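# Per-entry structural report
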Amino acid sequence: MENIIEVNHLRKSFGSLEVLKDINFNVEKGEVVTVIGSSGSGKSTMLRCINLLETPDSGEILVNGVNVMEGDINKHRSEVGMVFQSFNLFNNYTVLDNCVLGQTKVLKRSHKEAVDKAHQYLKKVGMDEFADKPSTLLSGGQKQRVAIARALCMDCVVLLFDEPTSALDPVTVGEVLDVMKQLADEGLTMVVVTHEMGFARDVSDRVVFMENGVIVEEGKPEDIFTAPKSESLQRFLGRFI
Ligand code: ADP
Ligand code: MG
């Protein structure tokens with residue numbers, strides 16, 4: 001199988017705090033990998049290193065076979081889409097412009113081409129009827145769906161999600177998870193940090209469990225959830241019963 005992401009011996013510290021300790025991690029084309037683990041275990045830092053929002057101290061990260069430290073950072077950032085807990089939409093812009101800006105500025109697409117693509121992906125996430133609305137008027141779930149459309153407009157080869165539903169009202173969590181499930185079914189390569197164990201169990205192909213900056217255990221959801229091997233994973237899962 002073709003690896004979209006390859007992380008080899010990744011290390012990252014903040015001052016004297018070693019947050020990622022020799023992380024090795026691959027994601028194949030079309031795979032949906034969920035990353036679970038307690039708060040502070042290094043999940044966000046791992047995603048942020050893959051997207052180069054943080055600079056790794058050592059190790060290498062390959063996306064589509066290209067070492068991200070050596071390639072064009074703008075190309076890399078458009079190939080590796082990121083969806084944040086806090087949406088990070090441009091609040092002074094409409095829904096449509098949120099999806100158009102990166103395409104015209106970074107990918108140098110014509111305005112018309114960018115608008116066509118934005119409508120295409122806004123339709124996919126069920127937000128096209130809001131295209132002309134300011135993003136500030138949206139609910140959290142709607143903002144998150146726009147954030148997903150915005151990332152897809154950049155033709156990303158993999159989409160990273162960092163707790164995409166943690167900041168949402170319980171009522172709107174489902175609409176975002178439904179969109180994510182639809183993208184998974186369509187074969188998008190995804191890495192999803194989440195506390196939604198239902199999503200991890202039912203939608204992902206593989207679950208990675210992190211604790212204290214290391215990947216303690218990984219495997220198919222049925223093995224992870226029914227037969228966790230390590231004591232720390234058993235303890236972690238015990239909280240969700
Ligand atoms: P998780 O996403 O699993 O909750 P994080 O990757 O956010 O974990 O954080 C791992 C550890 O790194 C935590 O102890 C956190 O406080 C620390 N950390 C994260 N980012 C920074 C930063 N920019 N500066 C200093 N410490 C940080
Ligand atoms: Mg986090």
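Residues numbered from 1 in each chain as written. Chains lettered and ligands numbered in written order. Predicted model: local features only at pLDDT ≥ 70, side-chain atom pairs only at ≥ 80, totals over all residues. Heavy atoms only, no water.

### Considering the site of ligand 1
In the neighbourhood of ligand 1, the contacting residues comprise Phe 14, Leu 17, Val 19, Ser 38, Ser 39, Gly 40, Ser 41, Gly 42, Lys 43, Ser 44 and Thr 45. Expressed as a share of its isolated accessible area of 560 Å², the protein-covered part of ligand 1 is 59%. Elements that contribute at least two residues to the shell around ligand 1 include exactly β2 (17-28) and α1 (43-50). Here the element with the most residues in the shell around ligand 1 is α1; it accounts for three residues. Its residues placed into classes, the shell around ligand 1 shows three nonpolar, seven polar and one charged. (Near = heavy atom within 4 Å. Areas by Shrake-Rupley, 256 points an atom, 1.4 Å probe, with all protein chains shown as cover. Helix = DSSP H or I, 4+ residues; strand = E, 2+ residues; numbered from the N terminus. Nonpolar A, V, L, I, M, F, W, Y, C, P; charged D, E, K, R; others polar.)

### Section: the packing of aromatic side chains
For any pair of aromatic rings, the description rests on two quantities: the centre-to-centre distance and the angle between the ring planes. This model, assessed by the stated rule, comprises two aromatic pairs. Judged by centre distance (6.1 Å) and plane angle (80°), the ring pair of Phe 90 and Tyr 93 falls under edge-to-face. Overall, Phe 90 belongs to the partly exposed group, its relative accessible area being 39%. A relative accessible area of 37% means that Tyr 93 is categorised as partly exposed. Ring centres 5.4 Å apart and planes at 40° place the aromatic pair Phe 209 and Phe 236 in the tilted group. Of the two residues, Phe 209 is situated in strand β9 (residues 206-211) and Phe 236 in helix α9 (residues 231-238); the sequence distance between them amounts to 27 residues. (Phe/Tyr/Trp six-rings, centres within 6.5 Å; stacked < 30°, edge-to-face > 60°. Buried < 20%, exposed > 50% of the residue type's maximum accessible area, 1.4 Å probe, protein only.)

### Focus on the side chain of Arg 109
Among the secondary structure elements, Arg 109 is positioned in the loop between α3 (95-105) and α4 (111-124). Using a relative accessible area of 14% as the deciding quantity, one classes Arg 109 as buried. Polar side-chain contacts of Arg 109 include one of 2.8 Å to the backbone oxygen of Cys 153. Side-chain polar atoms of Arg 109 contact the side chain of Asp 155, separated by 2.5 Å. Filtering out sequence-adjacent residues up to four positions away, Arg 109 remains in contact with Gln 103, Thr 104, Ala 114, Lys 117, Cys 153 and Asp 155. (Polar contact = N/O pair within 3.5 Å; in protein donor to acceptor, adjacent residues only side chain to side chain. Contact = heavy atoms within 4.5 Å.)

### Quick notes on the sheet that holds β2
The strand order across the open sheet formed by four strands is β2-β1-β4-β5, and the pairing between neighbours is antiparallel. Strands with a single pairing partner mark the edges of an open sheet, and in this sheet they are β2 and β5 (66-67). Pairing geometry for strand β1 (residues 3-14) and β2, over nine bridges, is antiparallel. Among the inter-strand pairings, Arg 11 is bridged to a residue of β2, identified as Lys 21. (Pairing = 2+ DSSP bridges.)

### Quick notes on the environment of Asn 74
Mapped onto the secondary structure, Asn 74 falls in helix α2 (residues 73-79). Among the residues examined, Asn 74 registers a relative accessible area of 44% and is labelled partly exposed.

### Here's the deal with the pairing of strand β6 (residues 80-83)
Burial along β6 is two-sided: the face carrying Val 80 and Met 82 and the face carrying Gly 81 and Val 83 are both buried. Across four bridges, the pairing between β6 and strand β7 (residues 158-162) is parallel. Looking at β7, one finds that Gly 81 is bridged to Leu 159.

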